Amino acid sequence: MITVWGRKTSSNVQALMWCIGELGLPFARYDIGHKYGGNDTPEFLSMNPNGTVLVIKDGDSASIWETGAILRYLANRYATLPFWPEELEARTNIDKWAEWSKINIALNFTAPIFWQVVRTAQQHQNQAEIAKAIDKLSHMLDIAESQLQEHDFIASDHFTLADIQFGHTLYRYFDIKINRPRHPALIRYFILF
């Protein structure tokens, strides 16, 4: 059984839970972090010295933290084709798009856009900075748009681990009130989920 420490409103926890669901794994999840607290206790810090969510244990295994590492661990241990191929080149292609999603999409969306629009009081929002961040993210999404014009999913024509890393950020991207550049292939892709 997979034990998960992290609140359900965390996008990283949402990505993990999506992966667990796709793989059909049994789990128990505990709300930790943000309004729930608990991530500064000695017990939690012994599992993750960063004091951040999320953390998992797989049975009696050592704790694992960092979302990308956790997702790859679960894929390596439990997934099959086409979600996580055994062949190195195919698996590396999926891993490349997963990392690209985390570094270029999530990082350019979460703090500069999501936090500014959702977590910042409207009177304190800097609309010019938000527009600048949306423009920067749009250039990254142009890459996804091109990829999705050629493939059904972000790394290939099959749903893979990369789609979890990419898709969980898109959920928030399409859920908030911002002016989004037009990306029809990206919208078609998002509707699949």
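Residues numbered from 1 in each chain as written. Predicted model: local features only at pLDDT ≥ 70, side-chain atom pairs only at ≥ 80, totals over all residues. Heavy atoms only, no water.

- The name recorded for the protein in an unreviewed UniProt entry is Glutathione S-transferase, from Xenorhabdus hominickii.
- Of the comments in the UniProt record for the protein, the one headed Sequence similarities (unreviewed entry) reads "Belongs to the GST superfamily." (UniProt positions renumbered as here; feature names shortened; annotations may be inferred.)

1. Side note on the overall build of the protein
- Within the protein, the secondary structure is distributed over 7 helices and 4 strands.
- Helices (α) and strands (β) of the protein occur, in sequence order from the N terminus, as β-α-β-α-β-β-α-α-α-α-α.
- Taken against the 2.2 N^0.38 rule, which gives 16 Å for 193 residues, the C-alpha radius of gyration of the protein at 17 Å falls within 12% of a compact globule.
- Along the three orthogonal principal directions, the C-alpha set of the protein runs to about 45 × 45 × 20 Å.
- Counting only residues that meet the buried cut, the protein has 44% of its 193 residues in that class.
- Restricting to contacts in the protein with at least 6 residues of sequence separation, those with at least 24 account for 62%.
- Carbon and sulfur atoms form 53% of the exposed surface of the protein, whose accessible area is close to 10,400 Å².
- Of the charged side chains in the protein, 18 are positive and 21 negative; the average position of the first set lies 8 Å away from that of the second. (Helix = DSSP H or I, 4+ residues; strand = E, 2+ residues; numbered from the N terminus. Rg over C-alpha atoms; globule rule 2.2 N^0.38 Å. Buried < 20%, exposed > 50% of the residue type's maximum accessible area, 1.4 Å probe, protein only. Contact = heavy atoms within 4.5 Å. Areas by Shrake-Rupley, 256 points an atom, 1.4 Å probe, with all protein chains shown as cover. Lys, Arg positive; Asp, Glu negative; His and termini not counted. Charge placed at Lys NZ, Arg CZ, Asp CG, Glu CD.)

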